[in-house]
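Overview (structure and organization)
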Amino acid sequence: MTQRRLAEVAAKVGVSEATVSRVLNGKPGVSDATRSAVLTALDVLGYERPTQLRGERARLVGLVLPELQNPIFPAFADVVGNALAQRGFTPVLCTRTAGGVTEAEYLELLLEQHVSGIVFAGGLYAQKDASHGHYQQMMSRKLPAVLVNAAIDDLAFPRVSCDDAVAVEQAYGHLVSLGHKRIGAVLGPPDHVPSLRKLQAIEKCGGAVVEHAMFSLEGGQAAATKLVQRGVTAIICASDPLALGAIRAVRRAGLDVPKDVSIIGYDDSAFMTCTDPPLTTVRQPIEAMGRAAVELLANQISGNAVAPDELLFEPELVVRASTAPAR
């Protein structure tokens, strides 16, 4: 390692360059805590560990998210990051973007950094038609991991999910109680497992006019425009951004929310009390889900057996001003 990099690592940890050098060369006279801090600093700064030290996993944990535009994901990252820090782990945030670094490429980068484990939220495991080879690679390496929200069936990882069926029952029941009979729904892509679960629940509740969309405000607007043209008086959406797009679609059609069309979102992400009108939505308990995900991961990292089961968390309907009795 160059003198400049040696100095950078020393400054990061708050020790002398000589101490860093002793750690890198495997020499005695350094406490376990200092040695661990130096190795973690190497990982954080993106420097490779010396060959003889690469067998040890760092106290780094990957947190892989699909996006940061939907406020629910930064909120989840905040919960997970705090819970990891309390256990002495450093989160490494990886965010997928269109045309950017893929989930599989992020996995390679995280493996190079010798992460102790990975928490995935909203990943490709939730899309039936996506490539899942990198998850098989993780399973073969026995890398500790937790998947947040519904996944395809053949991945042997523990999962932490919000109960999509209960979320639909709450939203649908609220609209029926308001006298709505012509109900629409804007769900995610047809191969999206949480959306498929919501679709099954909708059918059990009595059915709805369904449109699928990409998870964005624009996707919600396009799908809701079709639903409004088909005469629905209420729309259940699979995310809050989709619901905001639906509100825009209703207004572009010259109608009013909630007087003409009621809208329900899903997540209860930040600022939904500040929208016009304030959004009725189904709240995901992200605090409890995030902490459960970290606990499951920490148990795996410690070598404890963790069953590849799905923990289902109960959502909560939050009634605000975007729903009203049917006209």
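Everything below is about the structure printed above this text.
One structure accompanies this document, and this report is about it. (Residues numbered from 1 in each chain as written. Predicted model: local features only at pLDDT ≥ 70, side-chain atom pairs only at ≥ 80, totals over all residues. Heavy atoms only, no water.)

Turning to the layout of surface pockets, a few remarks are in order. In this structure, the largest pocket encloses a volume near 1,100 Å³. In this structure, the largest pocket is lined by 44 residues; those nearest its centre are P66, E67, F73, G122 and F215. For the lining of the largest pocket, the elements supplying multiple residues, two or more each, are α4 (72-86), α8 (193-205), α9 (217-229), β9 (262-267) and α11 (286-301). For the lining of the largest pocket, the class distribution of residues is 22 nonpolar, 16 polar and six charged. (1 Å grid on protein atoms, 1.4 Å probe; cavity = no way out; pocket = protein on both sides within 12 Å on 5 of 7 lines; lining within 4 Å. Points joined across faces, edges and corners; volume = space filled by probe spheres on them. Helix = DSSP H or I, 4+ residues; strand = E, 2+ residues; numbered from the N terminus. Nonpolar A, V, L, I, M, F, W, Y, C, P; charged D, E, K, R; others polar.)

Across the sheet, six strands lie side by side as β2-β1-β3-β4-β5-β11; this open sheet has parallel pairing. Since the sheet does not close on itself, it has two edges, and those belong to β2 (90-95) and β11 (310-313), each with one partner. With strand direction ignored, the average angle separating the axes of adjacent strands in the sheet is 20°. Contacting β1 (60-65), β3 (117-121), β4 (145-148), β5 (159-162) and β11, α11 crosses the sheet at an angle of about 160° to β4. (Pairing = 2+ DSSP bridges. Axes fitted to C-alpha atoms, helices over the stretch in contact; angles between N-to-C directions. Contact = heavy atoms within 4.5 Å.)

As a further point, take the packing of aromatic side chains. All told, the structure shown has two aromatic pairs when counted by the stated rule. Ring centres of Y125 and Y135 lie 5.9 Å apart, and the angle between their planes is 70°; on these two criteria the pair is classed as edge-to-face. Taken together, the positions of Y125 in the loop between β3 and α6 (133-141) and Y135 in helix α6 put the pair ten residues apart, joining distant regions of the chain. In textbook terms, an aromatic cluster arises when at least three aromatic residues are bridged by ring pairs, as seen for F120, Y125 and Y135. Directly above the aromatic system of F89 lies the positively charged group of R59, at a separation of 4.0 Å from the ring centroid. (Phe/Tyr/Trp six-rings, centres within 6.5 Å; stacked < 30°, edge-to-face > 60°. Lys NZ or Arg CZ within 6 Å of the ring centre and 35° of its normal.)

Moving on, we get to unusual backbone geometry. Of note, the amide linkage connecting V257 to P258 takes the cis form, showing an omega dihedral of 15°. Tracing the sequence through the fold places P258 in the loop between α10 (240-252) and β9. With an omega of -5°, the peptide bond running from D276 to P277 counts as cis. If you check the backbone angles, H114 has positive phi at about 55° while not being a glycine. Looking at the element boundaries, H114 is found in the loop between α5 (103-112) and β3. The backbone of F271 sits at a positive phi, close to 75°, despite the residue not being glycine. Locating F271 in the fold gives a position in the loop between β9 and β10 (280-283). Overall, F271 belongs to the exposed group, its relative accessible area being 61%. (Buried < 20%, exposed > 50% of the residue type's maximum accessible area, 1.4 Å probe, protein only.)

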